[in-house]
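Chain and residue survey
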Amino acid sequence: MTSLTSVLPHLEEQFRNKRLVFWHDPDGDYADQLFGVDIPDVTVVSVANDEYALKYRILQEEPDAKFLIYRQGVAPSDIENWLLDLELAYGVFTADRTALLRHDLGLTAGGVDVVLDNYESFFRSSKRTDALKALLNADDSMDLVQAKICAVLLGQSEHSMLELIRTLLVENAQGSTTKYDSLTEYGLLDFHWAGVAKIYGYKADRPSVNDFVLWMFRQAINRFKSDQPGALRNIQLDFASLRYDVRSAKALMTLASRAAKDLDYAGRIEDADIASLAGNDLFEEVEQKIISTLARQVTDRTIGAREVAETVRSRRSSIWVDGYRDLYTAIGAASELLSALASATFEMSSIDGGLQRYQKEWFRIDQLYRHFQLAVRITDYADVVETLRDEVENYYINRFLFPLGASWQHQVDAVSMWSSNAVRPQPSFYQDRVEPLVRKGTKKAVVIISDALRYEVAEELGTRVRQEDRFDAALDAMLGVLPSYTQLGMAALLPHKTLAHSKGGDPVLVDGQRSDGTVNRNKILEPVDGFAIQAEDVLAMGNRELRQLYTEHHVFYVYHNGIDAAGDKAATERSVFEAAETTLDTVMKLVKKWTSANATNIFVTADHGFLYQDRPLADAGYLSTKPQGDDLPVVNRRYVLGRGLKDNPAFRTFEPEQVGLASDLQVQIPKSIHRLRLPGAGSRYVHGGAALQEIVVPVLAINKKRTSDTRQVNVDVQPETDKITTGQLVVKLYQTEPVSEKVQPRTLRAGLYVGETLISNLAELTFDQISDEARDRYQSAQMLLSQEADAFNNRTVELRLEEQIPNTTQWRTYTKAQYMLRRSFTTDFDI
């Protein structure tokens with residue numbers, strides 16, 4: 001029995017809009033407690049075979065007074081009940097628990113009392129009851145009330161089957177059963193699984209979350225096909241939401257990994273080819289199969305570079321791709337590198353021709369090699385591409401470095417002066433680039449010198465810069481100094497008239513002054529109102545401090561050392577490509593830092609480039625001879641400085657004046673890419689010689705514009721019909737132009753709507769195709785109608801393409817198209 005204390009609030013509520021309240025108490029549970037009813041201005045009377053007298057009193061004698069009319073026992077039949085007309089007019093109050101609970105919850109639909117009685121233990125908690133009340137509507141049916149009880153037990157604010165299943169799957173993936181057990185504890189498990197069977201089609205003698213997971217993935221493997229059209233449409237739609245919604249995506253990946261093992265999915269696709277797996281990202285095993293197949297086919301040269309590139313691009317949307325991006329990068333780079341070298345020739349008729357071809361095409365081989373090696377070094381699955389790695393290494397060394405080095409050496413041997421008509425010399429950098437800008441004192445220049453930033457790395461930096469809004473970058477090259485090493489390269493970039501080695505080689509003298517270190521470089525820059533500073537000092541400055549510094553000088557030389565710092569040490573030389581990647585990020589930060597300080601003219605350049613191969617040098621890579629001379633103050637793996645050097649066919653010897661140096665030290669360079677065998681530092685990474693990779697020095701001129709110049713690529717809807725006659729619609733979408741540095745990818749989601757009601761799945765698509773071929777830039781979105789579509793037959797529906805508002809979780813309409821939904825019953829959801 002509910003206590004009188006619990007009943008009183010309900011009685012008081014009755015009197016808020018009633019004068020008379022009739023209380024039936026069949027068992028007389030409250031007869032002895034009537035004295036405790038104390039409601040202001042309410043008279044309590046008890047029916048004791050005096051119905052007529054009571055009726056006369058409340059209608060005639062006290063027509064405005066409020067009465068609580070209490071009756072215990074069984075009420076008389078209608079014909080014998082003198083109070084029947086009043087009871088019908090005012091209603092009858094009962095104090096049984098179910099009725100009070102129904103009243104509290106505001107429920108009015110028939111049959112809900114059965115639900116309230118069945119789950120009495122659920123309502124013992126006021127917290128649970130209040131949570132349920134917040135979800136209920138007055139006319140909720142028995143099934144809706146039970147679904148919402150399930151939602152409360154699962155900690156959900158939504159009662160849809162999708163959200164209930166999402167909660168249980170996330171919990172299952174975490175190895176917990178607490179929420180699932182609550183359904184059992186409160187007797188709702190049968191109801192839940194009956195709902196799953198009705199809505200999704202999952203039926204089992206002993207249903208469970210684990211069994212449902214396997215069933216769900218089996219249907220997905222079978223593409224949700226069914227003998228009964230549309231029978232699995234709901235699970236097909238919700239499966240997509242479960243996999244791609246951030247709330248459950250990680251859990252579904254965990255469950256997929258589990259299901260793949262239970263279903264032996266790897267065995268199922270053992271003989272599958274790449275084409276049959278296109279668009280399939282159901283299990284991680286698909287990613288692994290595609291990658292292993294690609295790696296083998298690229299190694300065997302049984303797949304073209306275009307097909308590899310398209311396959312790699314298409315996998316970017318896979319939910320598993322984050323764990324395999326590095327492998328895809330490696331395979332894509334390897335495919336392009338091997339394809340290019342399969343037909344490459346390295347003919348050149350002059351030193352100018354060699355320099356120009358390296359800038360236009362050959363640098364790309366070095367860049368691809370770097371991309372490949374970096375990706376392989378940082379992936380967790382390097383063994384997968386080990387055979388491919390050997391092939392890339394063989395091709396890069398034997399079909400690129402050596403033949404290019406030999407061909408280029410013929411041109412180096414033929415020149416009497418180290419100069420070019422096609423490329424300006426590195427020592428003229430200040431005169432050519434900086435001095436014209438600052439000559440009148442109205443403009444300023446910032447020069448960022450990154451040690452060993454070779455041409456191909458700078459080319460990638462230029463691409464990154466141009467992808468930034470309002471930034472432009474133009475890449476050019478200089479003919480680097482010989483020998484191509486740090487001290488001389490750094491000195492050549494400073495304003496000067498003469499460069500010379502000191503007696504022992506270093507330090508290098510600029511107009512007779514030492515040029516090593518920031519202090520000495522500041523002395524050299526002072527006459528041109530210049531200032532030298534280390535990159536780390538710039539990065540440590542606040543914006544206000546750097547802006548102030550920018551006002552104090554006209555020329556700024558910023559020195560950064562990342563690549564050379566890693567490559568010049570045997571212990572870290574194999575991390576030189578990681579250092580190159582870090583350098584790209586750091587230099588981008590420096591560029592943005594300086595532009596924030598109002599700099600508009602920025603040059604990024606280097607002292608020299610470098611040669612690198614990941615495989616330890618074979619004996620053929622070393623010279624079998626040693627330099628000879630009267631005085632050898634400097635002997636490096638790639639260059640020698642000395643006096644009275646002896647001619648040797650293994651070396652190219654230059655007099656100092658031939659390489660623009662005002663000193664008495666001759667320069668001797670091992671021919672091609674050969675090294676001198678010396679103790680100490682490593683031999684994979686070297687510089688100092690005359691190889692193209694060492695002496696094609698980049699100059700990246702960067703400017704920041706006042707107006708925006710980047711935008712996202714445009715996408716058109718190209719309907720092939722204006723009607724929807726089945727349970728699905730395939731929509732053709734066209735990316736109107738290739739993605740480029742200033743035209744950036746666009747991600748959209750597609751859905752069918754009536755007003756704001758979604759009646760289909762939501763399909764997310766990324767438009768990032770770089771191909772100039774129009775046929776490569778088409779995509780199709782498959783829209784599957786949901787149950788909600790049933791209510792809108794013969795109505796106009798809208799295909800809506802939406803894009804996410806930056807830095808929010810909100811979406812806005814990008815474009816739309818209208819269709820007439822006109823489905824016959826015979827084709828209802830024929831998926």
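Per chain, residues are indexed from 1 in the order of the written sequence. pLDDT decides what is reported in this predicted model: residues at 70 or higher carry local features, side-chain atom pairs at 80 or more are listed and counted, and totals for whole chains, interfaces and linings draw on all residues regardless. Hydrogens and water molecules were not included; the side-chain quantities draw on all heavy atoms of the structure.

Strand order in the open sheet made by the four strands is β15-β16-β18-β17, with antiparallel pairing throughout. Two strands in the sheet have a free side with no partner beyond their single neighbour: β15 (631-635) and β17 (651-654). Within this sheet the neighbouring strands show an average axis-to-axis angle of 25°, counted without direction. Relative to strand β18 (residues 666-670), β17 runs antiparallel, the two being bridged by four bridges. Bridged to F651 within β18 is P670. We call two strands paired when DSSP finds no fewer than two bridges between them. Numbering of helices and strands runs from the N terminus, with a helix taken as a DSSP run of H or I at least four residues long and a strand as a DSSP run of E at least two residues long. For helices, the fitted line uses only the C-alpha atoms of the stretch in contact; every axis is such a line through C-alpha atoms, and the angle between N-to-C directions lies from 0 to 180 degrees.

A separate point is the nonpolar core. For soluble globular proteins, the rule of thumb is that nonpolar side chains tend to be buried together. By size, the foremost hydrophobic cluster in this structure holds 203 residues, and its most contacted members are F212, F217, W418, Y557 and W594. With twelve residues, helix α18 (residues 351-378) is the single largest residue contributor to this core. Ignoring sequence-local partners within four residues, the contact set of W594 consists of V446, I448, V538, L546, L549, Y550, F556, V558, A599 and I602. What makes a nonpolar core is a set of buried Ala, Val, Leu, Ile, Met, Phe, Trp, Tyr and Cys residues whose side-chain atoms join them at distances within 4.5 Å. Relative accessibility under 20% of the residue-type maximum defines a buried residue, over 50% an exposed one, and the middle range a partly exposed one, all with a 1.4 Å probe and only protein chains included. Counting residues in hydrophobic clusters, the runner-up holds 28 residues, among them V717, V731, L733 and M783. Here a residue-residue contact requires only that any non-hydrogen atoms of the pair lie within 4.5 Å.

Only Phe, Tyr and Trp rings are paired, with Trp represented by its six-membered ring, and only when their centres lie within 6.5 Å; those with planes under 30 degrees apart are stacked, over 60 edge-to-face, the remainder tilted. Tallying each qualifying case throughout the model produces 34 aromatic pairs. Here the aromatic rings of Y202 and F212 are separated by 5.4 Å at their centres, their planes lie at 85°, and the arrangement is edge-to-face. Taken as a pair, Y202 in the loop between α10 (189-200) and α11 (209-221) and F212 in helix α11 lie far apart in primary sequence, ten residues in all. The residues Y202 and F212 share a single accessibility class, namely buried. Aromatic side chains F610 and Y685 sit 5.1 Å apart centroid to centroid with 35° between the ring planes, which places their arrangement in the tilted category. A residue pair is termed long-range when its members are at least 10 positions apart, and F610 in the loop between β13 (601-605) and β14 (611-612) and Y685 in strand β19 (residues 685-686) qualify at 75 residues. No difference in accessibility class separates F610 from Y685, as the two residues are buried. A connected cluster of aromatic rings, assembled from ring pairs, spans F346, W362, Y369, Y396, F400, F577 and Y612. Each ring is checked for a lysine NZ or an arginine CZ that lies within 6 Å of its centre and within 35 degrees of its normal; such an atom marks a charge sitting over the ring. Between the NZ or CZ atom of K444 and the centre of the ring of Y550, over which it lies, the distance is 4.8 Å. Its guanidinium or amino end placed over the ring of F654, R652 lies 4.1 Å from that ring's centre, counting from NZ or CZ.

One rule of thumb: low pLDDT means the predicted coordinates there are not for detailed reading. Of all residues in the protein chain, 99% attain a pLDDT of 70 or more, and the chain-wide mean is 94. Within the model, pLDDT remains below 50 along residues 825-831, and this stretch shows 21 contacts once partners closer than five positions in the same chain are excluded. Scored from 0 to 100, pLDDT reflects the predictor's confidence in each residue.

By convention in these notes, a salt bridge is any Lys or Arg side-chain nitrogen within 4 Å of a carboxyl oxygen on Asp or Glu. Under the counting rule described, the total for this entry stands at 58 salt bridges. Between R233 and D790 there is a salt bridge, with its nearest N and O atoms 3.8 Å apart. One end of the pair, R233, is in helix α12 (residues 233-244); the other, D790, is in the loop between β29 (778-784) and β30 (795-804), and 557 residues separate them in sequence. Judged by relative accessible area, which is 11%, R233 ranks as buried. Taking the relative accessible area as the measure of exposure, D790 reaches 42% and is therefore partly exposed. Of the charged contacts, one joins D476 and R433 as a salt bridge, the two residues approaching to 2.9 Å between their closest N and O atoms. Here D476, found in strand β7 (residues 471-479), pairs with R433, found in helix α20 (residues 429-438); they are 43 residues apart in sequence, far enough to count as distant. For D476, a relative accessible area of 34% puts it in the partly exposed group.

The subject of this paragraph is the side chain of D451. Within the secondary structure, D451 is located in the loop between β6 (445-450) and α21 (455-467). In protein, a polar contact means a hydrogen-donor-capable atom and an acceptor-capable atom, both N or O and within 3.5 Å, with residues adjacent in sequence counting only if both atoms are side-chain atoms; elsewhere, any N or O pair within 3.5 Å suffices. In this structure the side chain of D451 is engaged in a polar contact, spanning 3.1 Å, whose partner is the side chain of H608. Ignoring anything within four residues of it in the chain, the contact list for D451 reads T486, M490, H560, N561, I563, D564, D607 and H608.

A rise of 1.5 Å per residue sets the reference length of helix α8 (residues 161-173), with its 13 residues, at 18 Å; its end C-alpha atoms lie 18 Å apart and thus fit the reference within 8%. Counted residue by residue, α8 has 13 buried out of 13 residues, so it is predominantly covered. G175 sits one or two residues past α8 and shows a positive phi near 80°. How far a helix is expected to stretch is found by multiplying one less than its residue total by 1.5 Å.

Our focus in this paragraph is helix α13 (residues 249-262). The end-to-end C-alpha distance of α13, which contains 14 residues, comes to 20 Å, matching closely the 20 Å that a straight helix rising 1.5 Å per residue would cover. Residues of α13 that are buried: A249, A251, L252, L255, A256, A259 and A260. Those residues of α13 that are buried are in contact with α8, α11, α12, α14 (265-268) and α15 (284-300). Of the residues flanking the end of α13, it is D264, one or two places downstream, whose phi is positive at about 50°.

So, about the sheet that holds strand β9 (residues 505-510). Pairing within the open sheet is antiparallel, and its three strands lie in the order β8-β9-β10. Edge strands, defined here as strands with exactly one partner in the open sheet, are β8 (499-502) and β10 (513-514). The sheet contact formed by β9 and β10 spans two bridges and is antiparallel. What sits directly across from V510, in β10, is Q513.

For the pair α15 and helix α17 (residues 325-342), interaxial distance at closest approach is 10 Å and the crossing angle is 20°. Judged by the angle between their axes, α15 and α17 are roughly parallel. Here α15 and α17 pass one another in a crossing that is left-handed. The segment α15 lies against α17, with E287, I290, I291, L294, A295 and V298 engaging L327, Y328, I331, A334, S335 and L338. Taken together, the residues that form the contact of α15 with α17 break down as ten nonpolar, one polar and one charged. Roughly parallel means an angle under 35 degrees; roughly antiparallel means over 145; roughly perpendicular covers 65 to 115; every other angle is labelled oblique. Two helices crossing with the near one rotated counterclockwise from the far one by less than a right angle form a left-handed crossing, whereas a clockwise rotation gives a right-handed crossing. Only Asp, Glu, Lys and Arg are considered charged, only Ala, Val, Leu, Ile, Met, Phe, Trp, Tyr, Cys and Pro nonpolar, and every remaining residue, Gly among them, polar.

The next point concerns the pairing of β13. Taken across its five residues, β13 has five buried, putting it largely inside the fold. Here β13 shows no split at all, with N601, F603 and T605 on one side and I602 and V604 on the other all buried. Summarising the sheet, β6 and β13 pair through four bridges and their orientation is parallel. Its bridge partner lying in β13, V447 is registered against F603. As paired strands, β13 and strand β20 (residues 696-704) are joined by five bridges and run antiparallel to one another. Residue pairing across strands places F603 opposite A701, the latter belonging to β20.

So, about the packing of α18 against α21. Axis separation between α18 and α21 bottoms out at 8 Å; the angle between their running directions is 90°. One way to sum up the angle between α18 and α21 is to call them roughly perpendicular. Contacts between α18 and α21 pair Y358, Q359, F363, D366, Q367, R370 and H371 from the former with Y455, E456, V457, E459 and E460 from the latter. Of the residues in the contact of α18 with α21, the class split is four nonpolar, three polar and five charged.

A few words on the side chain of E803. Following the sequence through the fold, E803 ends up in strand β30. Exposure remark for E803: the relative accessible area of 10% places this residue in the buried category. Side chain to side chain, E803 and R746 meet in a polar contact 2.5 Å long. With residues near it in sequence (within four places) discarded, E803 still touches Q712, R746, T747, L748, Q810, W811, R812 and Y814.

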